[in-house]
Amino acid sequence: MSEIDLSKFEKKVIMRNIEHKDIEKIIELQELCFPGMDPWKKDQLQSHLDIFPEGQICVEFDGEIIGSCSSLIINFDEYDDKHTWDDITDEGYITNHNSDGYNLYGIEVMVHPQFRGMKIGRRLYEARRDLARAHNLKSIIIGGRIPNYHKYADEFTPREYVEEVKEHKIYDPVLSFQLMNGFTVMRINPNYLPDDAASNQYATLMEWNNIDYVAKSKRHYKTSFPVRICVVQYAMKQISSFEDFAQQAEYYIDVAYDAGADFCVFPEIFTTQLMSFLNEHIPRKAVQRVTEYTEEYIELFTDLAVKYNVNIIGGSHFVEEDEHIYNIAYLFRRDGTIEKQYKLHITPNERKWWGISAGEEVEVFDTDCGPIAIQICYDIEFPELARIATEKGAKIIFTPFCTEDRQGYLRVRYCAQSRAVENQIYTVIAGTVGNLPQVENMDIQYAQSAIFAPSDFEFARDGIVGECNPNIEMVVIGDVDLEILRRQRQSGTVRQLKDRRRDIYTVHYKK
């Protein structure tokens, strides 16, 4: 008898994180598992993966997704005891996920009906426990359905029904399973899921405590998370070399360091100051000459970010890539790493004089002061971009700008202030002043750089954290508080993020 080929008997069960390519299959699985209930929307699942990909887990069996679970991290003490599923998930988008929270909150578990005898649900619950241990979280909390309650609603109150299930007198496919997996009932919440008719809209709030949790002295309820920002209102003036430019830039970074700033922010295309000694009067050629300094520019600001221990928003710089010239803003982190954001909307003036090409993606960057985005000048005037960046987690949007007159400046300012209100974020604008009379298309500048906050009681009066005097070379330094921002998103006078009518409109990011 020949050797048996064992591979033909193998059945591969894979536990992994959900990916964007799985979204359609997850929606199909949900429709199969919960008929009659509203399934996930694509943009909700995309939001989960953008905000907390580790918390989105699936089980794959022979290439087919047969189970999944979704979670987020919160500080549960900050939520009302009678919260609903919409409250705890920001209507399914989990934009309230708090990576510094104490509790993992499970918002869904589902298993394909044909595979419910394979302990798939138990595997998913164990994956959640592993996640809670890995993040040193105090507990896992879930709002569990009681899908058999509708059969007993005339006979028992929800509390009585739960007691009957706990005493094994009644079997409930969800509650019985959760009890067997070490969860204890904390309370019963009414109106938890409006479309959960089988549970009569009730849910059992349940908790599993992580006995491996180690309390850390630095982990306590935050009263503040201050971030100090130094905004440079940069003077465009005649220089004779790249070294002159470097000296002027370092001066301001030293100022930011002395002030204890976390970020130092420069204006859009302030490197066009180099044109003042390049002696090239044709604008397109002058821009190409500036791109030749890209490596020196990157090396300079990388070194300065590390030397002065400050994150630098390096304004923006013209860069040539694949025979196209782009307007790119760089983030130089103080740990020596670098990110970049291409300008997405090109003004008629940039196209006419310089032939600038447009970028394609909205980026959000992690920093030691939370996630941030950069939207260069004209880009802040398109509200969709700020909406996308906010939904990807940004807490601060930095806008380097360059405008030649008050009208252009006010477009940037008014839009930046609007984005702060609309998205409950901080926005920062940094512009150029002075003049370069010998440089074509860069002769005059107008700016009043500033830091803006949402408009509510806990923020700065008028929503202005600080601002420069117009058209004077100077800096403005201000503190923004990310903890106040997080709390106001949950309980402010108005809550634009929570109150958006996603049932009638959405912003879809094609990337």
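As shown above, the structure is provided for reference.
Given the structure is predicted, the values throughout are model-derived calculations rather than measurements.

Enquirer: Lay out the overall build of the protein with the relevant residues and their values.
Expert: Of the regular secondary structure elements, the protein holds 14 helices and 20 strands. Taken along the three principal axes of its C-alpha coordinates, the protein extends 90 × 70 × 45 Å. Taking all 511 residues of the protein together, the buried fraction comes to 55%. Residue pairs at least 24 apart in sequence account for 71% of intrachain contacts in the protein once pairs closer than 6 positions are excluded. As displayed, the protein offers around 23,300 Å² of accessible surface, 48% of which is attributable to carbon and sulfur atoms. If the 57 positive side-chain charges of the protein are averaged to one point and the 82 negative ones to another, these points end up 4 Å apart.

Enquirer: Pulling in residues and values, what's your account of the packing of aromatic side chains?
Expert: Scanning all chains against the criterion turns up 33 aromatic pairs. Centroid distance Phe-242 to Tyr-293: 5.7 Å. Interplanar angle 10°. Geometry classified as stacked. Residue Phe-242 is found in helix α7 (residues 242-258), and its partner Tyr-293 is found in the loop between α8 (283-291) and α9 (294-308); the two are separated by 51 residues along the sequence. Residue classification places Phe-242 among the buried residues on the basis of a relative accessible area of 11%. Tyr-293 gets classed as buried once you look at its relative accessible area, which sits at 19%. Measuring from ring centre to ring centre gives 5.2 Å for Tyr-326 and Tyr-342, while their planes differ by 85°; the resulting arrangement is edge-to-face. Placement of the pair is Tyr-326 in strand β12 (residues 324-332) and Tyr-342 in strand β13 (residues 338-342), with a sequence separation of 16 residues. The class of Tyr-326 is buried, set by a relative accessible area of 16%. In this structure, Arg-502 is placed above the aromatic ring of Tyr-93, and the distance from its NZ or CZ to the ring centre is 3.7 Å.

Enquirer: Outline the side chain of Gln-248, supporting the account with residue identities and numerical values.
Expert: By secondary structure assignment, the location of Gln-248 is in helix α7. Beyond its immediate sequence surroundings of up to four residues, Gln-248 is in contact with Tyr-234, Ala-235, Lys-237, Ile-239, Gln-273 and Glu-473.

Enquirer: Tell me about a negative patch on the surface, and name the residues and values.
Expert: Taken together, Glu-295, Glu-296, Glu-299 and Asp-303 make up a surface patch of like negative charges. Following the sequence through the fold, Glu-295 ends up in helix α9.

Enquirer: I'd like a description of the nonpolar core, backed by residues and values.
Expert: Ile-229, Phe-263, Ile-372, Ile-396 and Phe-398 are the most contacted members of the largest nonpolar core, which totals 53 residues. Looking at which element gives the most residues to this core, the answer is helix α12 (residues 406-423), with 6 residues. Filtering out sequence-adjacent residues up to four positions away, Ile-372 remains in contact with Phe-263, Ile-313, Leu-331, Glu-363, Val-364, Phe-365, Thr-367, Ala-394, Ile-396 and Phe-398. Ranked by size, the runner-up nonpolar core spans 50 residues in total, among them Tyr-149, Val-165, Ile-188 and Ala-203.

Enquirer: Which residues make up the side chain of Gln-44, and what values do they have?
Expert: Counting through the fold element by element, Gln-44 comes out in helix α2 (residues 42-51). A polar atom in the side chain of Gln-44 sits 2.9 Å from the backbone nitrogen of Lys-41. Every residue in contact with Gln-44, bar those within four places of it in the chain, is listed here: Glu-91, Gly-92 and Tyr-93.

Enquirer: Explain the packing of helix α11 (residues 383-391) against α12 residue by residue, including any values.
Expert: Look at α11 against α12: their axes get within 10 Å of each other, and the N-to-C directions meet at 40°. Between α11 and α12, the crossing angle belongs to the class labelled oblique. For the pair α11 and α12, the crossing hand works out as right-handed. Mapping the contact onto sequence places Pro-383, Ala-386, Arg-387 and Thr-390 in α11 and Arg-419, Glu-422 and Asn-423 in α12. The residue makeup of the contact of α11 with α12, split by class, is 2 nonpolar, 2 polar and 3 charged.

Enquirer: Pulling in residues and values, what's your account of the pattern of salt bridges?
Expert: In total, this model carries 31 salt bridges according to the counting rule given. The partner of Asp-22 in a salt bridge is Arg-16, and the shortest N-O contact between them spans 2.7 Å. Judged on exposure class, the residue Asp-22 and its partner Arg-16 are both buried. Residue Asp-212 pairs with Arg-133 through a salt bridge whose shortest N-O separation is 3.5 Å. Residue Asp-212 is found in the loop between β7 (203-209) and β8 (226-236), and its partner Arg-133 is found in helix α4 (residues 120-134); the two are separated by 79 residues along the sequence. Arg-133 gets classed as partly exposed once you look at its relative accessible area, which sits at 33%. Where salt bridges share partners, they join Arg-16, Glu-19, Lys-21, Asp-22 and Glu-60 into one cluster.

Enquirer: So what about the pairing of strand β17 (residues 426-434)? Which residues, and what values?
Expert: The buried fraction of β17 amounts to 8 of the 9 residues, a majority that puts the element mostly inside the structure. When β8 meets β17, the two strands line up parallel, connected through 3 bridges. By the bridge assignment, Met-236 is partnered in β17 with Gly-434. Both strand β16 (residues 396-401) and β17 contribute to a ladder of 6 bridges, which runs parallel. Directly across from Thr-399, in β17, lies its bridge partner Ile-429.

Definitions and cut-offs
- Residues numbered from 1 in each chain as written.
- Predicted model: local features only at pLDDT ≥ 70, side-chain atom pairs only at ≥ 80, totals over all residues.
- Heavy atoms only, no water.
- Helix = DSSP H or I, 4+ residues; strand = E, 2+ residues; numbered from the N terminus.
- Buried < 20%, exposed > 50% of the residue type's maximum accessible area, 1.4 Å probe, protein only.
- Contact = heavy atoms within 4.5 Å.
- Areas by Shrake-Rupley, 256 points an atom, 1.4 Å probe, with all protein chains shown as cover.
- Lys, Arg positive; Asp, Glu negative; His and termini not counted.
- Charge placed at Lys NZ, Arg CZ, Asp CG, Glu CD.
- Phe/Tyr/Trp six-rings, centres within 6.5 Å; stacked < 30°, edge-to-face > 60°.
- Lys NZ or Arg CZ within 6 Å of the ring centre and 35° of its normal.
- Patch = residues over 30% accessible without salt bridge, like charges linked within 9 Å, V, L, I, M, F, W, Y side chains within 5 Å.
- Salt bridge = Lys/Arg side-chain N within 4 Å of Asp/Glu carboxyl O.
- Core = buried A, V, L, I, M, F, W, Y, C linked by side-chain atoms within 4.5 Å.
- Polar contact = N/O pair within 3.5 Å; in protein donor to acceptor, adjacent residues only side chain to side chain.
- Axes fitted to C-alpha atoms, helices over the stretch in contact; angles between N-to-C directions.
- Parallel < 35°, antiparallel > 145°, perpendicular 65-115°, else oblique.
- Left-handed = near helix turned anticlockwise from the far one by under 90°.
- Nonpolar A, V, L, I, M, F, W, Y, C, P; charged D, E, K, R; others polar.
- Pairing = 2+ DSSP bridges.

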